[in-house]
Amino acid sequence: MALWKTPSRSSTEQNQGLGLPIGSQHYRAFVGPPEKYDLVAANQFSLLNSLGLRDYDRLLDIGCGSLRAGRLFIPYLLPGNYYGLEPATWLVKEGIKKEIGRDLLKIKQPVFSNDSNFTLTRFGVMFDYLLAQSVFSHASQKQIARCLSEAKKVMHRESKFAATYVGGNENYAGDDWVYPECCEYTEDRMRQLAREAGLAAQPYSWPHPNGQRWLLILNHG
């Protein structure tokens, strides 16, 4: 006789948000395709690892959401080295509850901010690595400029900032955050926005499960 009951597929799908559209009020579905939740997380972790991330580095996860990537970074990094920026506090709470747990929270001591204006200086530290996965793909040019301007203030000369955007032939000219839809930008415009913030951006060849493009942003002083 079996000592446990295997959950039905419908129960599993409900718990993981499978089948729900992007933006649904489920912690996995809200941040992107729920069926790719694990792939997008692994993609980010592998990228930063390939760029040289070590456990003693400080990482800022911009738009950390429900800790999709945080559930991999937080156990890896030394206590106090993971920082997450996310205006939607319910997503962070759900990520803690369902992905990392309170015990790991106590051990690793991640730091969070719910600032909605990309105030990266709020943390009061300099970062070795910064990550903005699927943030600029929903942001206005003004918002991207603000984020990059703040990033400049918290990056030293060796810092590396990996960010994604959705490439296109025209640039989104609106002022509002767009979600769950995406807005497009040309590579030239993204690089120009970085230059205006005193940073240097270059395309970075790395796969993305949802077809977005990666930029590697550096601070040359």
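Described in the following lines is the structure provided in the data block.

Conventions adopted
Residues numbered from 1 in each chain as written. Predicted model: local features only at pLDDT ≥ 70, side-chain atom pairs only at ≥ 80, totals over all residues. Heavy atoms only, no water. Disulfide = S-S within 2.5 Å. Buried < 20%, exposed > 50% of the residue type's maximum accessible area, 1.4 Å probe, protein only. Phe/Tyr/Trp six-rings, centres within 6.5 Å; stacked < 30°, edge-to-face > 60°. Helix = DSSP H or I, 4+ residues; strand = E, 2+ residues; numbered from the N terminus. Expected span 1.5 Å × (residues − 1). Arc of directions from axis to C-beta.

1. Here's the deal with the state of the cysteines
Under the criterion given, the structure shown has zero disulfides. There is no disulfide at C64, and the cysteine sulfur nearest it, in C147, is 13 Å away. For C64, a relative accessible area of 4% corresponds to the buried category. Free cysteine: C182, not disulfide-bonded; nearest cysteine sulfur from C183 at 7.0 Å. In this structure C182 comes out as partly exposed when scored by relative accessible area, which is 42%.

2. Some thoughts on the packing of aromatic side chains
Within the structure shown, the criterion is met by ten aromatic pairs. Judged by centre distance (6.1 Å) and plane angle (80 degrees), the ring pair of Y27 and Y37 falls under edge-to-face. You can see Y27 sitting in the loop between α1 (9–16) and α2 (37–50) and its partner Y37 sitting in helix α2, a full ten residues away along the chain. This pair shows no difference in class: Y27 is buried, exactly as Y37 is. An angle of 40 degrees between the planes, with centres 5.5 Å apart, marks the rings of F30 and Y179 as tilted.

3. Here's the deal with α2
With 14 residues, α2 should reach 20 Å at 1.5 Å per residue; the first-to-last C-alpha distance of 20 Å fits that figure. Those residues of α2 that fall on the buried side of the exposure criterion are Y37, V40, A41, N43, Q44, L47 and L48. Buried residues of α2, seen end-on, are gathered within an arc of 160 degrees and therefore sit on one face of the element. Just past α2, the residue G52 takes up positive phi, approximately 110 degrees.

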